[in-house]
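Next come the chains, spelled out residue by residue.
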Amino acid sequence: MAKLSYRQVEAFRAVMIAGTTTGAAELLYISQPAVSRLLNDFEVAVKIKLFERHHKRLAPTPEALLLFEEVERSFVGIDRLANMAEELRDFQRGSLKVAAMPAIALGFLPRVMQKFGQHHQGVNLTLQVRSSQQVADWIATQHFDVGIGAINVADPALAVEILGEAALVCALPASHPLAEKEVIVPEDLRDQPFISLGPEQSVRYKVDEAFEEARVSRQLVFDTQLSHVACSFVDAGSGVALVDPITALHFSSANLVFRPFEPWVSFSYHLLYPAHRARSRATEEFSQLLQQELALLVKRSDGLLRLKERARTA
């Protein structure tokens with residue numbers, strides 16, 4: 001049997017639907033002679049008589065009716081494929097799996113994902129909250145599309161971009177005498193009960209170094225992995241703490257105030273992607289929205305959230 005072409009099958013289907021070659025030509029936006037030629041070539045290729053000619057109309061043979069059923073099944077599959085492509089293009093279908101560290105996932109990130117979901121209602125959204133190292137592991141093994149963590153690792157399975165590098169801020173009870181100050185420095189916290197971020201966090205060593213260089217001792221009363229929990233300790237009257245500013249901006253308590261701390265102790269937020277997998281359009285748009293919302297948060301923070309400009313790394 002001669003090789004069939006898609007155009008021949010398309011012409012056969014159009015004639016079966018329209019009943020005439022003229023009507024088929026209108027469906028396909030081609031000339032009537034072109035339809036007749038394609039239909040003739042199709043009959044020659046399949047070696048089956050497909051139509052009886054009755055004046056200007058074509059009466060399909062029983063063989064043509066059976067063949068048309070098979071053609072329709074094929075075209076339904078093509079139509080579904082085209083519809084799916086359109087849904088993906090318009091974000092009516094798809095998924096976005098995000099893994100993030102608690103510092104950004106407990107307040108800021110759900111609001112960003114809510115905004116993204118409102119404009120991309122067909123995209124199924126997933127958020128898992130884990131430590132920065134676990135986030136990096138999940139992204140490296142391609143279990144998630146994008147991760148956010150306070151980690152910048154040299155792993156060939158990861159593509160890392162800087163989202164922002166911010167300065168830690170000081171969490172104080174609202175009734176604390178230091179709450180009247182605009183900026184807190186190490187000397188202000190001498191011998192103060194202090195809640196530290198745990199030793200598994202690299203920022204812990206930056207904080208300790210800042211106080212060692214200033215030759216200021218503190219009363220280290222609690223360690224905790226999460227800035228949110230450190231704020232809760234301060235809220236309970238256990239002491240003061242240095243925490244990341246995004247957590248501070250989303251920690252709601254009338255009993256707490258947050259003040260900038262000097263010298264600058266940096267806390268980095270990184271975007272992590274699988275290095276060996278192309279990013280989906282949903283991933284790209286979500287990352288752009290994340291950066292835009294972070295910029296807006298900086299503007300609304302009244303100076304509490306300060307970002308350093310820094311070149312991206314990969």
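Scroll up to find the structure this text is about.
Everything numeric in this text was worked out from a predicted model, so none of it was measured.

Another point: the overall build of the chain. What the chain contains, in helices and strands, is 11 helices and 13 strands. Against the globule reference of 20 Å for 314 residues, the chain gives a C-alpha radius of gyration of 32 Å, more extended than a compact globule. Along the first, second and third principal axes, the C-alpha atoms of the chain reach 105 × 35 × 30 Å. Counting across all 314 residues of the chain, residues that qualify as buried make up 46%. Partitioning the intrachain contacts of the chain with sequence separation of at least 6 by distance along the chain shows that 73% fall at a separation of at least 24. Accessible surface, the chain: about 16500 Å² in total, of which carbon and sulfur atoms supply 52%. Side-chain charges in the chain split into 33 positive and 37 negative, and the spacing between the mean points of these groups amounts to 7 Å.

This part takes up helix H11 (residues 281–300). Along its 20 residues, H11 runs 29 Å from first to last C-alpha, staying within 8% of the 28 Å computed at 1.5 Å per residue. Among all positions in H11, only Ala282, Thr283, Phe286, Ser287, Leu289, Leu290, Glu293, Leu294 and Leu297 are buried. All buried residues of H11 project into a common sector of 165° when viewed along the axis, lining one side. Positive phi appears at Asp302, one or two residues downstream of H11, with a value of about 55°.

Okay, the packing of aromatic side chains next. The tally for this structure, following the rule as stated, stands at eight aromatic pairs. Seen in terms of ring centroids, Phe116 and Phe286 are 5.6 Å apart; in terms of plane orientation they differ by 90°. Their pairing is edge-to-face. Here Phe116 is found in helix H6 (residues 108–119), whereas its partner Phe286 is found in helix H11, with 170 residues between them in sequence. Across the pair, exposure class does not vary: Phe116 and Phe286 are buried alike. Taken together, the aromatic side chains of Phe12, Phe42 and Phe51 make up a single cluster linked through ring pairs. Positioned above the aromatic ring of Phe144 is the side chain of Lys97, whose terminal nitrogen or guanidinium carbon lies 5.0 Å from the ring centre. Between the NZ or CZ atom of Arg279 and the centre of the ring of Tyr273, over which it lies, the distance is 3.6 Å.

With that settled, consider the sheet that holds strand S13 (residues 307–308). Judged by pairing direction, the sheet is mixed, and its six strands sit side by side in the order S4-S3-S5-S12-S6-S13 without closing on themselves. Of all strands in the sheet, those bounded by a partner on one side alone are strand S4 (124–129) and S13. Here strand S6 (residues 158–167) runs beside strand S12 (residues 266–274); their pairing, made up of nine bridges, is antiparallel. Looking across to S12, one finds that Gly164 is bridged to Tyr269.

So, on to the packing of helix H2 (residues 21–28) against helix H3 (residues 32–46). Where H2 meets H3, the axes come as close as 8 Å, and the angle between the chain directions of the two elements is 105°. The orientation of H2 with respect to H3, classified from their angle, is roughly perpendicular. Residues Thr21, Thr22, Ala24 and Ala25 of H2 form the contact with H3, whose participating residues are Gln32, Val35 and Ser36.

Turning our attention to the sheet that holds strand S10 (residues 240–243). A sheet is described by the order of its strands in space; here five strands give the open sequence S9-S8-S10-S7-S11, paired in mixed fashion. The open sheet has two edge strands with one neighbour each: strand S9 (219–224) and strand S11 (256–260). Put simply, the sheet's adjacent strands are angled 30° from each other on average, direction ignored. Pairing between strand S7 (residues 169–173) and S10: three bridges, direction antiparallel.

With that settled, the discussion passes to the environment of Thr21. Turning to its location among the elements, Thr21 is positioned in helix H2. Residue class for Thr21 comes out buried when judged on its relative accessible area of 14%. With 13 residues separating them in the primary sequence, Thr21 and Ala34 have C-alpha atoms 9.1 Å apart. Beyond its immediate chain neighbours, meaning those up to four positions away, Thr21 contacts Val15, Gln32, Val35, Ser36 and Leu58.

Further remarks concern H6. End to end, H6 covers 18 Å across 12 residues, agreeing with the expected 16 Å (1.5 Å per residue, within 8%). All of the buried residues in H6 are Phe108, Leu109, Val112, Met113, Phe116 and Gly117. End-on, the buried residues of H6 take up no more than an arc of 160°, which puts them together on one face.

Within the fold, Asp244 resides in the loop between S10 and helix H10 (245–250). One buried charged residue, Asp244, forms no salt bridge at all, with the nearest opposite charge on Arg111 at 12 Å. A polar atom in the side chain of Asp244 sits 3.2 Å from the backbone nitrogen of Ile246. If sequence neighbours within four positions are ignored, Asp244 has contacts with Ala103, Leu168, Ser227, Phe267 and Tyr269.

Cut-offs used in this document
- Residues numbered from 1 in each chain as written.
- Predicted model: local features only at pLDDT ≥ 70, side-chain atom pairs only at ≥ 80, totals over all residues.
- Heavy atoms only, no water.
- Helix = DSSP H or I, 4+ residues; strand = E, 2+ residues; numbered from the N terminus.
- Rg over C-alpha atoms; globule rule 2.2 N^0.38 Å.
- Buried < 20%, exposed > 50% of the residue type's maximum accessible area, 1.4 Å probe, protein only.
- Contact = heavy atoms within 4.5 Å.
- Areas by Shrake-Rupley, 256 points an atom, 1.4 Å probe, with all protein chains shown as cover.
- Lys, Arg positive; Asp, Glu negative; His and termini not counted.
- Charge placed at Lys NZ, Arg CZ, Asp CG, Glu CD.
- Expected span 1.5 Å × (residues − 1).
- Arc of directions from axis to C-beta.
- Phe/Tyr/Trp six-rings, centres within 6.5 Å; stacked < 30°, edge-to-face > 60°.
- Lys NZ or Arg CZ within 6 Å of the ring centre and 35° of its normal.
- Pairing = 2+ DSSP bridges.
- Axes fitted to C-alpha atoms, helices over the stretch in contact; angles between N-to-C directions.
- Parallel < 35°, antiparallel > 145°, perpendicular 65-115°, else oblique.
- Salt bridge = Lys/Arg side-chain N within 4 Å of Asp/Glu carboxyl O.
- Polar contact = N/O pair within 3.5 Å; in protein donor to acceptor, adjacent residues only side chain to side chain.

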